[in-house]
Amino acid sequence: MARGKPVVLDSISFENQSLAHAFFQEILQRYVPGEQVSPEDTIHLAGLFKRHPSYPAKVGPGVNYFEVMPEKFGSQCFCAVLKDGTKEGFSYKKCVTQKDD
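Every chain is numbered independently, its residues counted from 1 as its sequence is written. Local features in this predicted model are restricted to residues whose pLDDT is 70 or higher, and side-chain atom pairs enter the listing and the counts only when it is 80 or higher, whereas totals over whole chains, interfaces and linings include all residues. Calculation of side-chain values draws on the structure's entire complement of heavy atoms; hydrogens and water are dropped beforehand.

A. Molecular detail of the pattern of salt bridges. Put simply, a salt bridge is a Lys or Arg side-chain nitrogen that is within 4 Å of an Asp or Glu carboxyl oxygen. A full pass over the atoms with the stated rule returns 5 salt bridges. The partner of Asp10 in a salt bridge is Lys50, and the shortest N-O contact between them spans 4.0 Å. Of this pair, Asp10 sits in the loop between strand E1 (7-8) and strand E2 (13-14) while Lys50 sits in the loop between helix H2 (39-49) and helix H3 (55-59), and the two are 40 residues apart along the sequence. The rule is simple: take the accessible area with a 1.4 Å probe, protein chains only, and divide by the maximum for that residue type; under 20% is buried, over 50% is exposed, in between is partly exposed. The exposure class of Asp10 is exposed, given its relative accessible area of 74%. Through salt bridges with shared partners, a single ionic network connects Glu26, Arg30 and Asp41. Helix and strand assignments follow DSSP, with helices taken as H or I runs no shorter than four residues and strands as E runs no shorter than two, numbered in order from the N terminus.

B. Representation of the packing of helix H1 (residues 17-29) against H2. Simply put, an axis is a line fit to the C-alpha atoms, just over the touching stretch for a helix, and the angle between two N-to-C directions goes from 0 to 180 degrees. Where H1 contacts H2, the axes come no closer than 12 Å and their chain directions differ by 130°. Taken together, the axes of H1 and H2 are oblique relative to one another. In terms of crossing hand, the pair formed by H1 and H2 is left-handed. Contacts from Phe23, Phe24 and Ile27 in H1 reach Asp41, His44, Leu45 and Leu48 in H2. Every angle not falling under 35 degrees, over 145, or within 65 to 115 is termed oblique; those three ranges are roughly parallel, roughly antiparallel and roughly perpendicular. Two helices that cross are described as forming a left-handed crossing if the nearer one is turned anticlockwise from the farther one by less than a right angle, and a right-handed crossing if clockwise. By definition, residues are in contact when any of their heavy atoms lie within 4.5 Å.

Here it is in structure tokens:
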């Protein structure tokens, strides 16, 4: 992960990707799978989600709210619950780096 690249969102900025990574990892760990993300954290997640390499395809009809969902091997990830009720899981790491690897 590049350490010198700033991450700038509408609501918050980070000097580098490592700081952004730590910030969103801490948010993710505050929740259990199935739990809806707070309005305060949603502000930051909405901006982060826009950085996802597949954002145009993932956002569909628009985001209703964010929650945390279970992932493989006992981990978890953020999930955008869209206005049509579908759910789109996404990696905060991909959003930070903007790489689709």
